[in-house]
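Given next are the chains, with one letter for each unit.
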Amino acid sequence: MLDAFGQPQSLVVLGGTSDIAGEVVRTLAQRRCRTVVLAGRDRDGLDRSADAARAAGAERVVTVVFDASDVGGAARAVDDCFDAAGSVDMVLLAVGMLSHQRDELDVERTREIVSTTYAWPAGALTRVAARMSEQGYGRIVVLSSVAAVRVRRANFVYASAKAGLDAFSIGLGEALRGSGVAVQIVRPGFVRSKMTAGLPDAPLATTPEAVARAIAAGLESGAPVVWVPGVLRWVFGVLRLVPQALWRRLPG
Ligand SMILES: NC(=O)c1ccc[n+]([C@@H]2O[C@H](COP(=O)([O-])OP(=O)(O)OC[C@H]3O[C@@H](n4cnc5c(N)ncnc54)[C@H](OP(=O)(O)O)[C@@H]3O)[C@@H](O)[C@H]2O)c1
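To start, this report covers the structure provided alongside it. (Residues numbered from 1 in each chain as written. Predicted model: local features only at pLDDT ≥ 70, side-chain atom pairs only at ≥ 80, totals over all residues.)

## What about unusual backbone geometry?
A cis geometry characterises the amide bond from V228 onward to P229, with omega recorded as -5°. Tracing the sequence through the fold places P229 in the loop between β7 (225-228) and α7 (232-239). A positive phi angle, near 65°, is found at L204, a position not held by glycine. Looking at where L204 falls in the secondary structure, it is placed in the loop between β6 (181-188) and α6 (208-221). (Helix = DSSP H or I, 4+ residues; strand = E, 2+ residues; numbered from the N terminus.)

## What to know about the pairing of β6
Burial analysis of β6 places 7 of its 8 residues in the buried class, which makes it a mostly covered element. The parallel pair strand β5 (residues 138-143) and β6, bridged by helix α5 (residues 156-175), forms a crossover whose chirality is right-handed. Of the strand pairs in this sheet, β6 and β7 are connected by 4 bridges, and their pairing is parallel. Pairing of V186 across the sheet is with V226, part of β7. What joins β6 to β7 is α6, and the crossover it makes is left-handed. (Buried ≥ 20, exposed ≤ 12 C-beta atoms within 10 Å, placed from the backbone. Right-handed = clockwise from strand over helix to strand, strands pointing away. Pairing = 2+ DSSP bridges.)

## Section: the sheet that holds β5
Strand order in the open sheet formed by 7 strands is β3-β2-β1-β4-β5-β6-β7, and the pairing between neighbours is parallel. Edge positions in the open sheet fall to β3 (60-65) and β7, since each of these has one partner strand only. Direction aside, neighbouring strands of the sheet carry axes that sit 15° apart on average. Pairing geometry for strand β1 (residues 10-14) and strand β2 (residues 35-40), over 5 bridges, is parallel. Residue pairing across strands places L11 opposite V36, the latter belonging to β2. Packed onto the sheet, helix α4 (residues 107-135) meets β1, β4 (90-93), β5 and β6 and runs at close to 165° relative to β5. Strands β5, β6 and β7 of the sheet are contacted by α6, whose axis makes an angle of about 155° with β7. (Axes fitted to C-alpha atoms, helices over the stretch in contact; angles between N-to-C directions. Contact = placed C-beta atoms within 7 Å.)

## Thoughts on the packing of α4 against α5
The geometry of α4 relative to α5 is characterised by a closest axis approach of 8 Å and an angle of 10° between their N-to-C directions. Classified by the angle their axes make, α4 and α5 are roughly parallel. Along its contact with α4, which presents T110, I113, V114, T117, Y118, P121, A122, L125 and A129, the element α5 presents V157, Y158, A161, K162, G164, L165, F168, S169 and L172. Partitioned by chemical class, the residues of the contact of α4 with α5 number 13 nonpolar, 4 polar and 1 charged. (Parallel < 35°, antiparallel > 145°, perpendicular 65-115°, else oblique. Nonpolar A, V, L, I, M, F, W, Y, C, P; charged D, E, K, R; others polar.)

## Quick word on the packing of helix α3 (residues 74-85) against α4
Geometrically, a packed helix pair is captured by the angle between its two axes and the distance between the axes. Between α3 and α4, the shortest axis-to-axis distance is 8 Å and the interhelical angle comes to 45°. Taken together, α3 and α4 sit at an angle that is classed as oblique. Handedness of the crossing formed by α3 with α4: right-handed. Only W120, G123, A124, R127, V128 and R131 of α4 make contact with α3, whose side of the interface consists of A74, A75, A77, V78, D79 and F82. The residue inventory of the contact of α3 with α4, partitioned by class, reads 8 nonpolar, 1 polar and 3 charged. (Left-handed = near helix turned anticlockwise from the far one by under 90°.)

## Brief notes about the site of the ligand
In the region of the ligand, 26 residues are neighbours, and S18, A68, G96, S193 and M195 sit closest. A class-by-class count of the residues in the shell around the ligand yields 10 nonpolar, 11 polar and 5 charged. (Near = placed C-beta within 6 Å.)

## Considerations on the pairing of β5
Across the 6 residues of β5, 6 count as buried, placing the element largely inside the fold. Here β5 shows two buried faces, one formed by G138, I140 and V142 and the other by R139, V141 and L143. Direction of pairing for β4 relative to β5: parallel, over a ladder of 4 bridges. Bridge assignment links L93 to a residue of β5, and that residue is V142. In this region the chain leaves β4, passes through α4 and returns to the parallel neighbour β5; the handedness of that crossover is right-handed. Relative to β6, β5 is paired through 6 bridges, and the arrangement is parallel.

Next up, the structure:
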């Protein structure tokens, strides 16, 4: 069960090799989290993430293999994770694939990015909601992005998928009201991780550690939406309103 400060004792990570997820696991394992299920496609990477989780204080760490390109396999992957964990206080959805301008005209690449960033996560979250509703409690934390709030030309395939995921998560949170299960949407700006390796920092760039701290604070406060850094809430409150002709000229 989540403790009095909203911190989980058992955690499932969908995207268990993500740099941001790794920091979230470390932060929560240093608190009360003792059971961690790490799910992803890279067995060796999952083993390394599992070692890091144990080093941070997790006592029971299990890995589950899935590939998000198999959208039809989303429910089975979630069931495998819940069955391995026993009861699940929190699920972190960290799967995603960034797009670049070179992807715009590539149909197969577009399908892969949309499947990984929206279609598989939507299927998985649907199953997570059902399993947590059966339990009658739980917290679902979804890594969305500020990219979802206003789509940029540079990565519009990814951003449109994140916009879908963000909207889906808002709706899911509404549907779960009164069930004991809550959804927390996390909207980081540019985070220095393996996803953005080699790219120049965008304004207000941040770190996986900062995202993890913000998520832990959001669990404690019960905030339905967490922006990282927090000032982006206000920045994007303005940016979502600027005319497209100005938006396309802004850096980042
Ligand atoms: N970095 C940023 O600037 C930023 C900003 C806002 C939001 N986010 C979001 O935060 C989340 C975590 O990103 P991150 O920065 O930690 O980057 P990351 O380390 O690249 O994490 C992405 C995760 O998605 C997994 N993944 C990709 N394709 C997959 C597939 N077909 N099947 C299964 N897993 C797959 C990756 O697995 P592999 O390790 O096997 O590739 C990895 O675990 C993502 O949803 C991302 O969109 C990131």
